[in-house]
Amino acid sequence: MSAELPGAPARPGRPGRPGRLPAAFFVTLGFIQALWPLTMDLYLPAFPQIQAELATSPSLVQFTLTGAFVGMACGQLVAGPLSDRVGRIRPLVVALVVYTVASVACAMAPTVGVLIGSRLVQGVGAAATAVIILAIVRDRAEGPLMVKLLARLQLINGVFVVASPAIGAQLLRLTDWRGLFWLLVVYGIVLLLAALAVLARHETNPLAVRALRTGARLRDDYLALARDRQYRAAVGAGALQWAAMMSYMASSAFLFQGIFGLDATAYAIVFGGHGALMIAGAQLSARLAGRMNVTAVARGGAVVLFGFAALLLAGQLFAPGLGLLGFVLPLFAFTTTFGVISPTLQSSALAHHGPRAGAAASLVGATNMVAGAVGAPIVGLFGVTSTVPAAAVMTLCAGLSAVVLLVGFRTRRPGRDR
């Protein structure tokens with residue numbers, strides 16, 4: 001990795017933006033972004049322990065996950081617009097403090113109700129950091145360069161996506177479920193110190209830039225976002241793709257273990273493969289964005305994503321004899337393509353909204369959280385005794401996503417950011 005990271009060329013009327021950032025700045029962002037998978041996945045293997053110690057039901061233990069999702073949706077909506085008005089670093093530091101304190105509350109929770117409430121607050125802190133990081137990247141870059149920076153961040157974040165459940169399972173050999181949350185406390189403190197030592201010296205939305213938006217109202221920002229067809233398309237398509245992915249993820253354990261008979265270890269390997277392929281897809285996205293228009297990559301990727309989903313569905317309907325291989329191969333192709341598209345949609349959504357990057361990023365993240373929460377239980381409603389419902393939901397969502405992008409990513413009339 002180079003010692004410095006390039007930023008976007010300075011725009012007229014956007015003073016105070018130095019051309020380069022140290023690599024330590026980028027690395028710190030990557031490890032802060034890893035709060036999301038650590039918060040969601042690290043403690044999953046401890047669910048039986050939590051149920052036993054707190055004398056509760058499995059459904060209430062699962063609500064600790066739901067609480068974090070709700071917190072993440074709310075945290076993004078607050079932190080993004082706030083960072084447009086007071087700068088990126090101060091809200092980021094506050095979010096890390098909130099996250100760390102909430103992690104202490106989780107570790108000391110005497111009842112499952114307290115744990116659920118603490119997880120909600122923990123989700124607020126984790127989501128606030130995620131949306132601010134996306135806004136910081138938009139402050140520094142746009143177009144192909146933004147895709148490249150997002151792909152680099154995915155290299156760090158993706159490792160935790162792949163490894164968090166396995167790390168949690170191994171740590172449970174050394175400690176209990178409370179110990180996992182104490183580990184998150186330590187991680188939060190380390191990130192807080194790193195943010196103060198590294199990020200605080202490089203405010204990407206300085207006062208000179210914020211002064212240009214004196215008098216701007218959040219309502220006006222949201223109206224500007226709503227009027228931008230490309231933004232609407234990127235947000236809508238991204239939400240549909242998240243719904244497709246989460247509908248599969250939520251049913252994956254039942255499908256692989258119940259239908260195909262994989263044991264827990266084999267299932268973990270397959271699950272980890274998804275994360276690895278998403279990382280690979282993000283790196284491919286960065287290469288493609290350097291050679292093609294970013295929106296073209298997103299459009300083409302959405303069509304390919306639908307194609308792989310349709311192939312998956314066709315295989316389950318007409319060639320069930322192919323078994324596990326016939327399910328996994330198109331599924332892995334789908335996951336890789338999902339990794340290709342994600343950074344291009346984020347870049348496309350924020351392309352015309354540099355001055356309001358926080359608000360724009362907050363709606364992207366919150367919409368994805370809502371879509372994921374809605375998509376997760378859909379397959380279960382149709383039953384998980386067959387792979388067909390999962391493949392059908394994925395195909396429907398991917399197909400709608402492709403339509404949204406093909407219609408929404410047409411030539412945009414020139415406009416101005418406020």
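How each quantity is defined
Residues numbered from 1 in each chain as written. Predicted model: local features only at pLDDT ≥ 70, side-chain atom pairs only at ≥ 80, totals over all residues. Heavy atoms only, no water. Helix = DSSP H or I, 4+ residues; strand = E, 2+ residues; numbered from the N terminus. Rg over C-alpha atoms; globule rule 2.2 N^0.38 Å. Buried < 20%, exposed > 50% of the residue type's maximum accessible area, 1.4 Å probe, protein only. Contact = heavy atoms within 4.5 Å. Areas by Shrake-Rupley, 256 points an atom, 1.4 Å probe, with all protein chains shown as cover. Core = buried A, V, L, I, M, F, W, Y, C linked by side-chain atoms within 4.5 Å. Patch = residues over 30% accessible without salt bridge, like charges linked within 9 Å, V, L, I, M, F, W, Y side chains within 5 Å. Salt bridge = Lys/Arg side-chain N within 4 Å of Asp/Glu carboxyl O. Polar contact = N/O pair within 3.5 Å; in protein donor to acceptor, adjacent residues only side chain to side chain. Expected span 1.5 Å × (residues − 1). Disulfide = S-S within 2.5 Å. Phe/Tyr/Trp six-rings, centres within 6.5 Å; stacked < 30°, edge-to-face > 60°. Axes fitted to C-alpha atoms, helices over the stretch in contact; angles between N-to-C directions. Parallel < 35°, antiparallel > 145°, perpendicular 65-115°, else oblique. Left-handed = near helix turned anticlockwise from the far one by under 90°. Nonpolar A, V, L, I, M, F, W, Y, C, P; charged D, E, K, R; others polar.

## Considerations on the overall build of the protein chain
Reasoning step 1: Each helix and strand counted, the protein chain has 17 helices and 2 strands in total.
Reasoning step 2: Over its C-alpha trace the protein chain gives a radius of gyration of 21 Å, about what one expects of a compact globule, namely 22 Å for 418 residues.
Reasoning step 3: Over its C-alpha atoms, taken along the principal directions, the protein chain stretches across nearly 60 × 50 × 40 Å.
Reasoning step 4: Counting across all 418 residues of the protein chain, residues that qualify as buried make up 54%.
Reasoning step 5: Within the protein chain, residue pairs in contact and separated by at least 24 positions form 84% of the contacts whose partners lie at least 6 positions apart.
Reasoning step 6: Carbon and sulfur atoms provide 71% of the accessible area of the protein chain, an area that totals close to 17,100 Å².

## Some words on the nonpolar core
Reasoning step 1: Ranked by size, the top nonpolar core spans 111 residues in total, and within it Leu199, Tyr248, Phe256 and Leu350 carry the most contacts.
Reasoning step 2: Counting residues per element, this core draws most heavily on helix α11 (residues 229–259), which supplies 14 residues.
Reasoning step 3: Here Leu350 is in contact with Leu134, Arg138, Met146, Ala357, Ala360, Ala361 and Val364, once residues within four sequence places are set aside.

## Considering a nonpolar patch on the surface
Reasoning step 1: A surface patch of nonpolar side chains, amounting to about 200 Å² of accessible area, comprises Val70, Leu120 and Val121.
Reasoning step 2: As for its placement among the helices and strands, Val121 is situated in helix α6 (residues 112–140).
Reasoning step 3: Residue classification places Val121 among the partly exposed positions, given a relative accessible area of 36%.

## Examining the environment of Val235
Reasoning step 1: Note that Val235 resides in helix α11.
Reasoning step 2: Since its relative accessible area comes to 12%, Val235 is described here as buried.
Reasoning step 3: Residues Val235 and Leu363, 128 residues apart in the sequence, show an inter-C-alpha distance of 7.8 Å.
Reasoning step 4: Val235 has contacts with Leu363, Val364 and Thr367, leaving out every residue within four places of it along the chain.

## Concerning the side chain of Thr335
Reasoning step 1: Relative to the helices and strands, Thr335 is located in helix α14 (residues 323–350).
Reasoning step 2: A residue is classified by how much of its surface remains accessible, and Thr335, at 0% relative accessible area, is buried.
Reasoning step 3: Separated by 2.9 Å, the side chains of Thr335 and His274 make a polar contact.

## Some words on the environment of Gly307
Reasoning step 1: Tracing the backbone through its elements, the reader meets Gly307 in helix α13 (residues 294–318).
Reasoning step 2: Sequence-wise, Gly307 and Gly275 are 32 residues apart; in three dimensions their C-alpha atoms are separated by 21 Å.

## Thoughts on α6
Reasoning step 1: Its 29 residues place the ends of α6 42 Å apart at the C-alpha level, agreeing with the 42 Å of an ideal helix rising 1.5 Å per residue.
Reasoning step 2: Taking burial as the measure, the 29 residues of α6 include 21 buried ones, the bulk of the element.

## Let's talk about the state of the cysteines
Reasoning step 1: Overall, the coordinates contain 0 disulfides when judged by the stated rule.
Reasoning step 2: Free of any disulfide, Cys74 has its nearest neighbouring cysteine sulfur in Cys106, separated by 16 Å.
Reasoning step 3: Judged by relative accessible area, Cys74 falls into the partly exposed class, the value being 41%.
Reasoning step 4: On the accessibility criterion, Cys106 (0% relative accessible area) is buried.

## Regarding the packing of aromatic side chains
Reasoning step 1: Taken as a whole and judged by the stated rule, the model has 10 aromatic pairs.
Reasoning step 2: Look at Phe31 and Phe160: their rings are 6.1 Å apart centre to centre, the planes differ by 80°, and that puts the pair in the edge-to-face class. In this pair, Phe31 is assigned in helix α1 (residues 23–33) and Phe160 in helix α7 (residues 143–171), connecting sequence segments 129 residues apart.
Reasoning step 3: Phe160 gets classed as buried once you look at its relative accessible area, which sits at 16%.
Reasoning step 4: Aromatic side chains Tyr248 and Phe256 sit 6.4 Å apart centroid to centroid with 85° between the ring planes, which places their arrangement in the edge-to-face category. Each member of the pair, Tyr248 as well as Phe256, carries the same accessibility label: buried.

## Focus: the packing of α13 against α14
A packed helix pair is summarised by two numbers, namely the angle formed by the two axes and the spacing between the axes.
Reasoning step 1: Close contact between α13 and α14 brings their axes to 8 Å; oriented N to C, the two are set at 160°. When the axis of α13 is compared with that of α14, the two are roughly antiparallel. Between α13 and α14 the crossing geometry is left-handed.
Reasoning step 2: Looking at side-chain class alone, the contact of α13 with α14 contains 19 nonpolar, 8 polar and no charged residues.

## Focus on the pattern of salt bridges
Reasoning step 1: Counted by the stated rule, this structure contains 5 salt bridges.
Reasoning step 2: Between Arg88 and Asp84 there is a salt bridge whose closest N-O contact spans 2.8 Å.
Reasoning step 3: By relative accessible area, Arg88 is classed as buried at 0%.
Reasoning step 4: The salt bridge partner of Asp139 is Arg88, with a shortest N-O separation of 2.7 Å. With Asp139 in helix α6 and Arg88 in the loop between α4 (58–86) and α5 (89–107), this residue pair connects regions lying 51 residues apart in the sequence.
Reasoning step 5: Sharing partners across several salt bridges, the network here consists of Asp84, Arg88 and Asp139.

## Here we look at the packing of α5 against helix α8 (residues 177–197)
Reasoning step 1: It is the contact of α5 with α8, at a shortest axis distance of 8 Å, that shows an interaxial angle of 165°. Taken together, the axes of α5 and α8 are roughly antiparallel relative to one another. In this structure, α5 meets α8 at a crossing whose hand is left-handed. The segment α5 lies against α8, with Val93, Leu96, Val97, Tyr99, Thr100, Ser103, Val104, Cys106 and Ala107 engaging Trp177, Arg178, Phe181, Trp182, Leu184, Val185, Gly188, Ile189, Leu191, Leu192, Ala195 and Leu196.

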